[in-house]
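# Chain and residue survey
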Amino acid sequence: MKAKKKKRQDDFQKVKLKVGKKKPKADNATNTNFRTKGIHLSEQLKRDTSGPTTHRQLGINDLLSQLHHYNANVKHSALLGLKELLSLTPSLLEQHLSRLLSEVAAVFTDKDGNVRVAATRVLRFIAQCVPAERVAPFFPLLSAHLSCAMTHIETAIQEDSMKYLDVLLEHYPALLAARPAVLLTNFLELISHRQNSGGAKKAQEVKGTNWALSVSIDRTVTSQQWRLSVLLRLGRFLQAVVEERPVEEGDMSVATEGVFGSTGEGRLKPLFLNWEELTYSKAGVKVYEHSGAKPTPRSSYRLRPEVAPGGAVGENLDSAEAVQSFAATLVPLLLEVWVEASASDSSWNSTDSAHLLTPDAMSVMFQVLSILQLLRKLAPQQEQQESLDAWFRKEYLGDFKQHFMKNFPYGTQDTPKHKKKVDLKRSKQSAAVSAPAVEPLALNITLCQVMVSLGQRQGLSRETDGDWLTLLRTFVRDTLSTGVKLSYRQLHMLLGTVWKMVLTQRSKTLTEDLLAAVYVYYKQKNLTLQTRSLLLSFYSKLYLQEQGHTHLARSKVLCRWLASLPVQLSQLGHRNPFLSERLILSIQAAAARGNKDLLNSLQTQACRLYDPQEGVVVLLPVESQQRMVQLLYFLPKMSQPLLANLSCCCTAGRISAGLAASLIRIIHLRSSLSGWSVGSQEVALQDVDYISFLFSTLTGFSSDKLASLQEAGDESALPCSPLSPLSLYPTPLEQFTHHWDIVEEVCHCLETLGSKSQCFDILQNGICKYLTKLAVVPDSMAAGLLRAVSRLLDLSVLPIEPVLRFLSQCCLSLLALLITLQQEAPTETNHKREAIWGACILALSTVPRLLRMVLQLLRVGDLSEEELPQLGQVLSMLLQHTPLHNQLLANTALLQEIIQHLTRYSRTATREQWLTDLLYCYSLTVSHGSSSHRGNMGLQDMY
Amino acid sequence: MAAPLEVILTSDSGSPLWNSTVFDLHSGSSLLSYRGGNSSARTLVVLRGEFLLSAQLGKNVINVWEIQRKDQLQQKILCPGVVTCLMASPNGLFIAAGVAEAVYLWEVCTGKLLSILSRHYQDVTCLKFTDDSSHFVSGGKDNLALVWSLSSVIQLDLNHAPEPRYVLSRHSLPITDLHCGLMGVQARVATASLDQTVKVWELSSGELLLSVLFDVEIMSVTFDPSEYFLFCGGSDGNIFQVSLCSQSLSRDKSFQSDNDGNQVFKGHRNLVTCLSVSMDGTILASGSHDETVRLWDIQSKQSIRCLTHKGPVTNVVIMTAPANMFLPDTRPAVPLPRFSRHLHASEGDVGDAGEVCVRLGRYTQEEEETYLQKAERLNSLMNAVTDKSVYGDGENTKVRVAELEEEVQTLKKINKDLYDFSSQLLTKPT
């Protein structure tokens, strides 16, 4: 038992520790004698094979899950990875857009600044790739996170939320602007705080000023700069909201909003068709799918009053009341900001230089003004805008006058450069704020625009408005007339101001004053195209306004401007077709209104404008040419030189045949012979001039040209021969067809003149007097003359001998030319040949004497050997043409003689193909003729 | 001979005997001629089916005939200038005339000159009312067409010059003709111009729907009643037909050699100045400066008939024949008052008459509601018909059938009686 006890004690032996001895190690002691090192799994060993990865082999799922990591660095690197991955494989973006957006947006309110910056970068990247309509479903989420960031308790996050907002504003302004209400409150809260302190609440609500600017000390930037940055974004945001509004067509909004020339395009897209397209194209016209039975939304007829959405009034800025209530909150704040900005300056400035501002203050003020301006434009409709203006005037005119106008023409202050260090720091800060530098000019102009919109329409209280408006007016006038360099935008705003002043003031002298200043600017030499057309459209719009404004109607400056337009147009030449187009449009508008000054000026310039060589009408592109031709209609008088020029324009081929035809028709309409006259419009040209115009257009060549052709001799024209008694000058194919088309039009005009016989008389007199002496005749002219004669000839009239002789010569020469053309037989002369043949045949069949003379001209004895076949061909062609048979039969004797001669002269050679053909044709014709004469007997003869 | 249903009213500027003539649409025979002077273009107007008005060519006078007295002028209305166009509102309450740049508007029942609209810058060339007389459109040589609301024009407020509802300003040369389609304010307006285009506008919004560019100036334009086609008379004598709602049935097209109904009526040799389409849309009448009026079959585009005149044709109108045109003994229900030449002349002359001025302004201003109501009524009517035909209960129809049979019986009996009576009368030896 004892041994047993002893044994047991062995098991639990007490270790005796002794002083001075080392403590023995315990058996179960861990050896801590090793070192550790962290293992960085920067790359995954196992490749994520399901999809593309970053260079660290992380797939998109890994990266997204890492965004929930507690460590800021992990999140940061995950964001970097995301950006890399997405830029490598954009297709991922489409697959994972919803997750991406929700995860990335969630880290905008992250505590770590780097993470936020990276998140903004990723968002910017996504925004660049994804169009707005695909983001739209996720946008509520994004904007919720944005609001969250903007209202965050940490100021750093608030500040970064501005960058986030910037991205959204840049890429999705429309989406952002769709729900403006929440954001607007957020903006307010960024720079101010609500004063709802108990009992005073009610009284303050009545006044609507329960917001006050807040100052927080712990920001990294000064409160002024912070406000500037917020205001900058607010301005951009409002701009987006305004741009989202459907543009209402109206003089004011167009004048201030868009370019003056741009009228608001309708919702309906009109169809523009061409008759030729319409006839040849298979595509049908469907006019009514545009409109249907319901009137369009743009119609001002309302079937029922628009239902006012009850609860939504406060939510959106769609109604004037909502805008007004928002403005009521914002404007006092803006005024405070303004006062603060100006006060901070004047503290270290003497009072006499109170109008000099530091750049910072200036940009703040500029932002204040632009926001005010945008607030005005927020009103959805024209009439609401006016009521809003009135409200502004009522509420704030006093304040505005006191604060804004006190030191009105503001200037910039030369910032002393002695504190280098401070400057450096400041520049860094302003870089963070990223406010663009603002010129004093821009500030002043914006101020003008804001203040002018408050000006009253009628001169009811001129006295009260007088002082500050005069100040503004002087500024505008000086700026324009002293030739200060203005940017396009600034000029646009200035012109908008002038527009508004002119239309609201309704005073003749003031209007003249302002317009004269604009005119001084307009007359400057080196303006850019954009500026020039802006000024042009300003004036032409203003001119179009004259109906309702008597003080504009007789404005001297406008008249002078109008009168100068034709001169400018002719001086401009072909250098700038776009500007010419604008000029022509303005001229046309004024001409249609029968403006005396313009018409006089146009008339004096007409000869230069319509010069066939270097006139505008031939230099400009086709549309402008057409307008120039239309402008002719409005000319009060058309002088002879002008008509000569126009005739040359028509024939020279530098305007298309269709346009030339419409030119001829317009002149026709303005002559007394057209028959279309409504009311009492005096004719523009004398009948004599008109007919001589038609005649010279018909000939197609001026007398000088014809004379030079006569002298030029043989090198260009075909030589004359017995077969072709006139020497024909072959015109190029294009010219021929052009002239042919014009001849058709002239003939039509001549036909409609009235008495055909008189008309023909005039024509043949003209031919007799000017053309019969010619030895060299262009073929186009010859064909044209034959065509005109055959169209105009009445059977009752006999053409006189010399004319007939000339025509018969023309005809024979043309027929000879036809034979040579046929031998060449290129297909492109087809049209020409047909035209010539048609003209000859028609003339020969309508004027029987002509055929006889042609036949008489054929003296076989004079012909040379090689001309005989040609003559034969001519004759057989004539014989083959059935409509001519009766005429030919009337001249059987003559014909027989010619054929006998032919057979005799060609006996020398072997009987050739052409002669056989001819004889066959001849016998056929004669037998046919005799058969028709003698009936059955002829038939028997044939057999 | 039964009185014709539709007649053509034409006038020319050269005839020494007649001012205007009435032809039967189908036989082409001349029915009536009105004497005295010549009418100028676009001024021949029938007022209320009782009076014929036309402006004297080159003089500042409007001639008025009673429609059944063809030889005698009822009245001459003196105007301040040469009348360029004249139109009566379809309800017969107003007359509008273009004199130089201004449009003069008279009230027919009193003869008062209601307003002078001088918004055009140059001569007014044409005027048309909508078929509900609520608006009218004026076209001028200043390239503008203006849409006026009649109710706003006749307001008594003198401080405000009336403003047109829309300014149609897309033409670049004078407007030669315009046509206003049916359907009141929802009508479509076609304007033709010397700039070789015809444009179709929507009256309710003032928007351009269609613009067709032709090769020649267009002098006249009209729609057919269903507005399937647009007819445009050119200055070269051709009439162009534009199909506005071509059916794109491909199976038809492959066998069609011609192209889609965009075709040309050929026959006139000079300006086609006036066009008019018959009520059923089968016949087109055109008048031209070649001194003929032609009737065309629209389907086949052939000239059916050619009516020669003595001078350039100035007016051609196809209209329903007024009831008392061919009854020489009738009198107009209400005589025409004298038309005044000056605004508010009545105040000086008959200030003591104590007359009450009644304007239709209110009625026409509330047209929005009436349209809606109309549509609703129409809808309920249609529903009622279908309801009855589809869901009509048997009981009701039986009763109805019985009633109708009874009615037929009575009618038969009456007929029989009538027959007996007349046969008795005829067979009775005298």
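Residues numbered from 1 in each chain as written. Chains lettered and ligands numbered in written order. Predicted model: local features only at pLDDT ≥ 70, side-chain atom pairs only at ≥ 80, totals over all residues.

All names here are of chain B. Within strand β25 (residues 283-288), six of the six residues are buried, leaving the element largely enclosed by the surrounding structure. Both faces of β25 are covered, namely the face carrying I283, A285 and G287 and the face carrying L284, S286 and S288. In terms of strand pairing, strand β24 (residues 272-277) meets β25 through five bridges, oriented antiparallel. In the sheet register, C274 faces β25, and the bridge partner there is G287. Two successive antiparallel strands, β24 and β25, enclose a turn made up of five residues, where G281 displays a positive phi of approximately 70°. Where β25 lies against strand β26 (residues 292-297), five bridges are found, and the strand directions are antiparallel. Across the sheet, the residue bridging to G287 is V293, located in β26. (Buried ≥ 20, exposed ≤ 12 C-beta atoms within 10 Å, placed from the backbone. Helix = DSSP H or I, 4+ residues; strand = E, 2+ residues; numbered from the N terminus. Pairing = 2+ DSSP bridges.)

Residue and element names in this part refer to chain A. Per the domain assignment, the segments of chain A are domain 1 (60-247), domain 2 (731-857) and domain 3 (870-943). Residue-level contacts link eleven residues of domain 2 with twelve residues of domain 3. When residues of the side of domain 2 that touches domain 3 are traced back to their parent elements, those giving at least two are α39 (801-824), α40 (830-846) and α41 (848-857). Among the elements that take part in the side of domain 2 that touches domain 3, α41 stands out by supplying five residues, more than any other. Grouping the constituent residues of the side of domain 2 that touches domain 3 by class yields eight nonpolar, two polar and one charged. (Domains from an automatic or database assignment. Contact = placed C-beta atoms within 7 Å. Nonpolar A, V, L, I, M, F, W, Y, C, P; charged D, E, K, R; others polar.)

Note that F760 of chain A resides in helix α37 (residues 756-771). Those residues within four positions of F760 of chain A in sequence are excluded, and the remaining contacts are L792, L793, D794 and V797 of chain A.

Our focus in this paragraph is the confidence of the model for chain A. Residues and elements named next belong to chain A. For chain A, the average pLDDT comes to 74, and 75% of its residues sit at 70 or higher. Below pLDDT 50 for its whole length, residues 197-209 participates in eight contacts with residues either more than four positions away or in separate chains. Every residue in residues 303-315 is under pLDDT 50, and counting partners more than four places away or in other chains gives nine contacts. (pLDDT = per-residue confidence, 0-100.)

Residues and elements named next belong to chain A. Secondary-structure assignment places K508 in helix α24 (residues 508-522). C-beta crowding within 10 Å serves as the criterion here: with 15 such atoms nearby, K508 is assigned to the partly exposed category. In the structure, K508 is positioned 488 residues away from G20 in sequence and 119 Å away in space, judged by C-alpha atoms.

Residue and element names in this part refer to chain B. With antiparallel pairing, four strands are arranged side by side in an open sheet as β8-β9-β10-β11. Only two strands of the sheet have a single partner each, and these edge strands are β8 (83-88) and β11 (113-117). For this sheet the average axis-to-axis angle between neighbouring strands, irrespective of direction, equals 15°. Alignment of strand β9 (residues 94-99) against strand β10 (residues 102-107), held across six bridges, turns out to be antiparallel. From the neighbouring strand, I95 faces β10, where its bridge partner is W106. (Axes fitted to C-alpha atoms, helices over the stretch in contact; angles between N-to-C directions.)

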